[in-house]
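Listed below are the residues making up each chain.
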Amino acid sequence: MPVMKARPILTAAAFLLAAALLTGQVPPAAADEAAAAEKPKVTVDSPDSTVVATVNGEPITKGELMEAMWGRYAIPTLTDLIDKVAIRQAAQRAGVTIEPADLDAKVNELKDRLPPGMTFEQFLEQYNITEEQLRRELETSVYIEKAAAKNINVTDQDLAGYIKARHILISTQQPGATAEEREKKEQEAKARLEQIAADIKAGKTTFEQAAKEFSEDPGSKDQGGDLGFFKRGVMTQPFEEAAFNLKAGEMSEPVKTTYGYHLILVEKLGKDAEGEERANLVERIRQERLRPEMTAWYLKAKQEAQVERALGEQPKPPAPPPAMQQSQPEPGVDDAPPPPPPAPESN
């Protein structure tokens with residue numbers, strides 16, 4: 001739809017899964033899988049003398065590996081564990097509980113986002129974890145999301161910031177045209193749109209029918225110009241100003257944008273939405289606010305936790321993002337998302 005500003009949308013839950021678990025690695029080659037299947041699986045319970053690798057015939061044991069990992073990863077891993085406990089405690093104090101269905105949904109979401117050709121079993125093998133371990137790791141994401149969601153309350157005032165509209169576009173775009181040719185194209189487009197508007201007002205056609213027949217916006221033409229509900233900051237400025245100055249049922253005069261001339265019909269104000277339409281709009285607003293609210297909730301849970309460490313220093317809490325400075329974060333704020341749960345531990 002040409003009047004929309006590009007704004008990538010990424011739900012908070014999908015981002016956490018992608019950032020925490022999908023690293024872009026491709027599945028192991030079939031030969032590598034076959035070779036790995038022949039070797040005994042090394043687990044945390046294996047003896048320290050277990051050989052985990054050889055280099056030109058020289059063995060590296062599990063004990064050497066664990067000692068190296070302790071020196072390099074003990075402190076950051078402890079920090080991750082502290083964060084997970086703090087998140088769980090804060091969420092439970094807020095009355096959040098995790099049901100099996102919550103984790104089922106996360107696992108299914110992960111399955112849907114696996115790279116083409118990778119099975120869920122291959123994913124678990126690649127990260128050397130079981131499904132049960134994966135589900136435990138996903139609990140942190142669920143706690144953050146459900147606790148943050150409890151803080152989001154969509155009011156009638158919020159709904160009033162949205163309108164539902166249709167439009168008809170007559171394009172004036174003409175790459176390589178001279179100034180004279182562009183001016184002629186604009187005059188023709190405006191005159192054509194004025195005639196369409198006159199036919200609509202005379203009852204010769206409806207706005208929806210005219211959009212299907214004449215609109216040059218491929219994104220909405222087949223839907224009769226339907227743009228659905230939208231808020232300020234989404235459309236180009238001239239279009240937005242004209243649309244939000246209309247009352248429900250009113251049609252605009254031709255509006256010029258960089259795309260051409262538009263007729264705009266406001267069908268409904270957000271506050272007047274009812275039934276399923278209202279429920280869908282409320283859920284949409286909740287989802288738009290979820291990510292910044294998750295960031296704010298996560299940082300608050302970390303800052304309020306009373307932590308005593310016997311290993312390493314407690315890192316200073318990060319500076320609050322802009323969302324925490326607002327009483328109610330605005331949707332679309334580009335602040336950093338909550339850090340994902342730590343990578344799954346090896347079995």
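Residues numbered from 1 in each chain as written. Predicted model: local features only at pLDDT ≥ 70, side-chain atom pairs only at ≥ 80, totals over all residues. Heavy atoms only, no water.

1. What to know about the overall build of the chain
- When its secondary structure is counted, the chain shows 11 helices and six strands.
- Per-residue burial for the chain yields a buried fraction of 36% across its 347 residues.
- In the chain, the proportion of contacts linking residues at least 24 apart, taken out of those at least 6 apart, comes to 71%.
- Per element, the accessible surface of the chain, about 20,100 Å² overall, is 51% carbon and sulfur. (Helix = DSSP H or I, 4+ residues; strand = E, 2+ residues; numbered from the N terminus. Buried < 20%, exposed > 50% of the residue type's maximum accessible area, 1.4 Å probe, protein only. Contact = heavy atoms within 4.5 Å. Areas by Shrake-Rupley, 256 points an atom, 1.4 Å probe, with all protein chains shown as cover.)

2. A closer look at unusual backbone geometry
- Its identity as a non-glycine residue notwithstanding, Asn56 has a phi of 50°, on the positive side.
- Within the secondary structure, Asn56 is located in the loop between β1 (51-55) and β2 (58-61).
- When its relative accessible area of 83% is taken as the criterion, Asn56 is described as exposed.
- The backbone of Asn128 sits at a positive phi, close to 55°, despite the residue not being glycine.

3. Description of the sheet that holds strand β3 (residues 162-171)
- A sheet is described by the order of its strands in space; here four strands give the open sequence β4-β3-β6-β5, paired in antiparallel fashion. One side of each edge strand has no neighbouring strand; the edge strands of this open sheet are β4 (226-231) and β5 (255-257). For this sheet the average axis-to-axis angle between neighbouring strands, irrespective of direction, equals 45°.
- For β5 and strand β6 (residues 260-269), the ladder comprises three bridges, and the chain directions are antiparallel. When the bridges of β6 are listed, Thr257 appears paired with Gly260.
- The sheet contacts of helix α9 (residues 207-214) involve β3 and β6, and relative to β3 the element is tilted by about 40°. (Pairing = 2+ DSSP bridges. Axes fitted to C-alpha atoms, helices over the stretch in contact; angles between N-to-C directions.)

4. A word on the side chain of Arg135
- Its location among the elements puts Arg135 in helix α6 (residues 131-149).
- Exposure remark for Arg135: the relative accessible area of 15% places this residue in the buried category.
- Those residues in contact with Arg135 that lie beyond four places of it in its chain are Pro100, Leu103, Asp104 and Val107.

5. Some words on the environment of Glu313
- Within the secondary structure, Glu313 sits in the segment after α11 (275-304).
- The spatial distance from the C-alpha of Glu313 to the C-alpha of Ile75 is 8.4 Å, given a sequence separation of 238 residues.

6. Some details on the nonpolar core
- Ile87, Ala91, Ile144, Leu281, Ile285 and Trp297 are the most contacted members of the largest nonpolar core, which totals 22 residues.
- Secondary-structure elements contributing two or more residues to this core are α3 (62-93), α6 and α11. (Core = buried A, V, L, I, M, F, W, Y, C linked by side-chain atoms within 4.5 Å.)

7. Considering the confidence of the model for the chain
- For the chain, mean pLDDT is 83; residues scoring 70 or higher make up 79% of the total.
- Averaged pLDDT values over the elements of the chain bottom out at 43 in helix α1 (residues 12-21) and peak at 97 in α9.
- Note that pLDDT drops below 50 for residues 1-32; the model gives that stretch 68 contacts with residues more than four away or on any other chain.
- Considering only residues more than four positions removed or in separate chains, one finds that residues 321-347, a stretch of pLDDT under 50, has 65 contacts. (pLDDT = per-residue confidence, 0-100.)

8. So, the pairing of β1
- In this sheet, β2 lies alongside β1 in antiparallel orientation, the contact comprising four bridges. Looking across to β2, one finds that Thr54 is bridged to Pro59.
- In textbook terms, the turn of a hairpin is the stretch between consecutive antiparallel strands, and for β1 and β2 this stretch comprises two residues, one of which, Asn56, has a positive phi near 50°.

9. A few points about the packing of α3 against α6
- Across the interface, α3 lies against α6 with an axial gap of 9 Å and an inter-helix angle of 40°. In terms of axis orientation, α3 runs oblique to α6. Of the two elements, α3 crosses α6, and the hand of that crossing is left-handed. Of the residues in α6, those in contact with Lys84, Ile87, Arg88, Ala91 and Gln92 of α3 are Glu137, Thr140, Tyr143, Ile144 and Ala147. (Parallel < 35°, antiparallel > 145°, perpendicular 65-115°, else oblique. Left-handed = near helix turned anticlockwise from the far one by under 90°.)

10. Describing helix α4 (residues 100-112)
- Look at α4: 18 Å from first C-alpha to last across 13 residues, which is about the 18 Å you get at 1.5 Å a residue.
- Among the residues of α4, those classed as buried are Leu103, Lys106, Val107 and Leu110. End-on, the buried residues of α4 take up no more than an arc of 95°, which puts them together on one face. Those residues of α4 that are exposed and angled more than 90 degrees off the buried face are Ala101 and Asp112. (Expected span 1.5 Å × (residues − 1). Arc of directions from axis to C-beta.)

11. Concerning the pattern of salt bridges
- Applying the stated criterion across every chain, the model contains 22 salt bridges.
- Ionic pairing is found between Arg289 and Asp158, a salt bridge with its closest N-O pair at 3.0 Å. In this pair, Arg289 is assigned in helix α11 and Asp158 in helix α7 (residues 156-159), connecting sequence segments 131 residues apart. Residue Arg289 shares its accessibility class with Asp158, and that shared class is buried. (Salt bridge = Lys/Arg side-chain N within 4 Å of Asp/Glu carboxyl O.)

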